[in-house]
Amino acid sequence: MSKFAVLGYGVVGSGVVELFYTNRDSITSKAGQSMDIKYILDIRDFPNSPYEDKFVKSIETILSDDEVTAVAECMGGVHPAYEFVKACLEKGKSVSTSNKQLVAEKGAELLKVAKEHHCNFFFEASVGGAIPIIRPLHKCLAANEITEVAGILNGTTNFILTKMINEHMEFETALAMAQELGYAEKDPTADVEGDDACRKICIISSLVYGKHVYPNSVYTKGITDISLDDVKYAQKWGGAIKLIAYVKKLDNGKIIPLVCPMLVSNENLIAHVDDVFNAVMVCGNGIDKTLFYGRGAGKLPTASAVLGDIINEVQHSETVLSQYWEDTNSTDFIADYSEFTAQMYFRIKGSNTLVPEGAETICTDDDDYTVFITKPMSIADSERLCASIAENNGMVVSTIPVLDIK
Ligand code: HSE
């Protein structure tokens, strides 16, 4: 009999308990041994819960119980999750977490602690909700040099954008719905400003390129500036605006991770990923392109990924070494955002603005806007173009890079 503990009985933690007892028989047969939840840690009381006898308030109860060999951390935030997870790993108890902030900020250190104590720190649920992406990246796709990863990694913003585009719903109403459905972070600013997607692309970048990428070295822009005008011109061009988390390996060996709204052509399946769904496109020198798609947030989808890791922990007690990256004090391996090169969408106030040579015009006389898409240029060059448009009395209202993977 293998016993595990659940830390935090919020949306994800309660989902882990619910899904485990719903599917306990099949989970047991897949794990190869009987399993049960021994403790649920939460500072709140749940007097009418069917699991009332499992609730504890002190992490010490779990740490001192040798029968508990695995722990599902679903508390969110860095503190005290970090201290609790580290203490569990130091006791040789493997941890499965849905906490992307914890992995993005402390992943390298916790992986090292797990390795030193011959256990595992797994985090499949931290990126893409239900989508299996972490294990495929370091196992199934291990034979590839990964050149680029691009995806929709935040369910809340994709839900909001979809509601705005298809139902012309106000931003605030759509956000309130996402919160009610349990998709949004405690502080939804992390969703709409891109920080949640940033943490997820940090985790993917660290795993794929082997060095810890910290959130403060990633250019991050959310969806709060997206207007219905841009949505309309994107449709006219033949695409959609999506919040894209992206990383690419440049020819000079550096990587360029970023999060920002991008124009995605309808030829790319990512343009058709709606509502809370996430999608991750992985490009490699063996696979060409592979797309992973599924529910990116929510109680049971996220619980599914946490429990998948717990089952894996029961099956493999020794550290899985392919899921590892090093910490580094340097950011030398990360290129500056200004080096990112893409076609650029420009919306300019003023219909008499000259469209640059080689650009594709979307409109020149609609609502007093000039809208065009340039040839590929670096962000630095697009900023120079903005400055020269301003010198000629044009007002650049928005610039959005075009995702160049089809
Ligand atoms: N707030 C996150 C999202 C939850 O909307 O994607 C899943 O990580």
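Here we summarise the structure given alongside this text. (Residues numbered from 1 in each chain as written. Predicted model: local features only at pLDDT ≥ 70, side-chain atom pairs only at ≥ 80, totals over all residues. Heavy atoms only, no water.)

**Considering the pairing of strand E10 (residues 255-265)**
Burial analysis of E10 places eleven of its eleven residues in the buried class, the great majority of the element. By the bridge criterion, two bridges tie strand E8 (residues 219-220) to E10 in an arrangement that is parallel. Within the sheet, the bridge partner assigned to tyrosine 219 lies in E10 and is leucine 258. Judged from the eleven bridges that link them, strand E9 (residues 239-249) and E10 form a sheet pairing that is antiparallel. (Buried < 20%, exposed > 50% of the residue type's maximum accessible area, 1.4 Å probe, protein only. Helix = DSSP H or I, 4+ residues; strand = E, 2+ residues; numbered from the N terminus. Pairing = 2+ DSSP bridges.)

**Let's talk about the sheet that holds strand E7 (residues 146-152)**
Sheet strands pair by backbone hydrogen bonding; their relative direction is either parallel or antiparallel. Spatial strand order, E8-E10-E9-E7-E11-E12: six strands in an open sheet with mixed pairing. At either end of the open sheet lies a strand with only one pairing partner, and these are E8 and strand E12 (288-295). Contacts from helix H10 (residues 195-209) reach E7, E8, E9, E10 and strand E11 (277-284) within the one sheet, and its direction differs from that of E9 by about 35°. (Contact = heavy atoms within 4.5 Å. Axes fitted to C-alpha atoms, helices over the stretch in contact; angles between N-to-C directions.)

**Regarding the packing of aromatic side chains**
For the structure shown, the criterion picks out 15 aromatic pairs. An angle of 15° between the planes, with centres 5.3 Å apart, marks the rings of phenylalanine 346 and phenylalanine 372 as stacked. Note that phenylalanine 346 is positioned in strand E14 (residues 344-349) and phenylalanine 372 in strand E16 (residues 369-373), a separation of 26 residues in sequence. One aromatic cluster in this structure is built from Phe4, Phe20, Tyr21 and Tyr51. (Phe/Tyr/Trp six-rings, centres within 6.5 Å; stacked < 30°, edge-to-face > 60°.)

**Focus on helix H13 (residues 379-391)**
With 13 residues, H13 should cover 18 Å at 1.5 Å per step; its first-to-last C-alpha distance of 18 Å lies within 8% of that length. For H13, the set of buried residues is Ile379, Ser382, Leu385 and Ile389. Buried residues of H13 fall within an arc of 110° about the axis and therefore sit on the same side. The outward face of H13, more than 90 degrees from its buried face, is lined by the exposed residues Arg384 and Glu391. Tucked into the core, H13 has its buried residues touching E14, E16, strand E17 (377-378) and strand E18 (395-401). The first or second residue beyond H13 is asparagine 393, which carries a positive phi of 70°. (Expected span 1.5 Å × (residues − 1). Arc of directions from axis to C-beta.)

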